[in-house]
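Fold and geometry: a report
Each chain is listed here by its residues.
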Amino acid sequence: ANVATSARPYLTAGKLWMRKGGSWYICSGSLIGKGVVATAAHCIADWGGGTSGLASDVYFIPAATKNNSISSTAGPIGTWKAKNLVYPNCYINGNCINTSSGVLNSNDVALVVLGGSVSNLPYAKGAGYYGYGWNGYGFTTGNSFINRRKNLGQITQLGYPGAIGDSRN
């Protein structure tokens, strides 16, 4: 039943369910570590909303197969609740350098750290992870693309369709 989403690369990406205020929202997220999910900052925080604009509950469902559920059966290997959110302070303060307008900007990136023991995280259930670079990997200095910045980083993430897995009878 889950063959379309239960293999890599789809098992390594999934849905993030976030509660902001009294409403629930859905975004994409990609595992880049055993229990670390990369996503957009606008998924977990309101631009310029301060800490009160942060999502109060965040759940990650790798290869989610149900559109409107955050239950433990919403994906083939389970559901994980976030224990920590990592985001640029300038995003929640609303003062990041911005070459466009609105919430989508050069600092629209966040990490969701999942709760639980390492032996119980998505990686241990077969999800794998895409990985990440450090010490300058994926970054360049003195680039000619954006003259106002000294550093430019690249993040590639697999998006996750909102209705994937739902049956249509």
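Here, the structure is the one placed above.
Residues numbered from 1 in each chain as written. Predicted model: local features only at pLDDT ≥ 70, side-chain atom pairs only at ≥ 80, totals over all residues. Heavy atoms only, no water.

1. Some words on the pairing of strand 2 (residues 23–33)
Taken together, the 8 bridges between strand 1 (residues 13–20) and strand 2 define a ladder with antiparallel strand orientation. Across the sheet, residue W17 finds its bridge partner in strand 2, namely I26. Joining the antiparallel neighbours strand 1 and strand 2 is a turn of 2 residues, in which G21 adopts a positive phi near 65 degrees. Here strand 2 pairs with strand 3 (residues 36–39) via 3 bridges, running antiparallel. In the sheet register, L31 faces strand 3, and the bridge partner there is V37. If you look at the hairpin formed by strand 2 and strand 3, you'll find 2 residues sitting between the two strands. (Pairing = 2+ DSSP bridges. Helix = DSSP H or I, 4+ residues; strand = E, 2+ residues; numbered from the N terminus.)

2. Thoughts on the nonpolar core
In this structure, L16, M18, V37, I44, V58, V112 and L114 are the most contacted members of the largest nonpolar core, which totals 27 residues. For this core, the secondary-structure elements that each account for two or more residues are strand 1, strand 2, helix 1 (41–44), strand 4 (57–62), strand 5 (80–86), helix 2 (89–93) and strand 6 (110–114). The contact partners of V37, leaving out residues within four places of it in the chain, are L16, G29, S30, L31, F60, A110, L111, V112 and L114. W17, Y59, I61 and A74 belong to the second largest nonpolar core, which has 5 residues in total. (Core = buried A, V, L, I, M, F, W, Y, C linked by side-chain atoms within 4.5 Å. Buried < 20%, exposed > 50% of the residue type's maximum accessible area, 1.4 Å probe, protein only. Contact = heavy atoms within 4.5 Å.)

3. Some points on the state of the cysteines
Evaluation of the coordinates by the stated rule reveals 2 disulfides. Note that C27 is cross-linked by a disulfide to C43, the S-S spacing being 2.1 Å. Sign of the S-S torsion, about -90 degrees for the bond between C27 and C43, identifies this disulfide as left-handed. Of this pair, C27 sits in strand 2 while C43 sits in helix 1; the two residues are 16 residues apart in sequence, bridging distant segments of the chain. This pair shows no difference in class: C27 is buried, exactly as C43 is. Across a sulfur-sulfur distance of 2.2 Å, C90 and C96 are joined as a disulfide pair. Measuring handedness by torsion sign, the sulfur bridge of C90 and C96 sits at about 90 degrees and is right-handed. (Disulfide = S-S within 2.5 Å.)

Any link to function would need more than the numbers given here.
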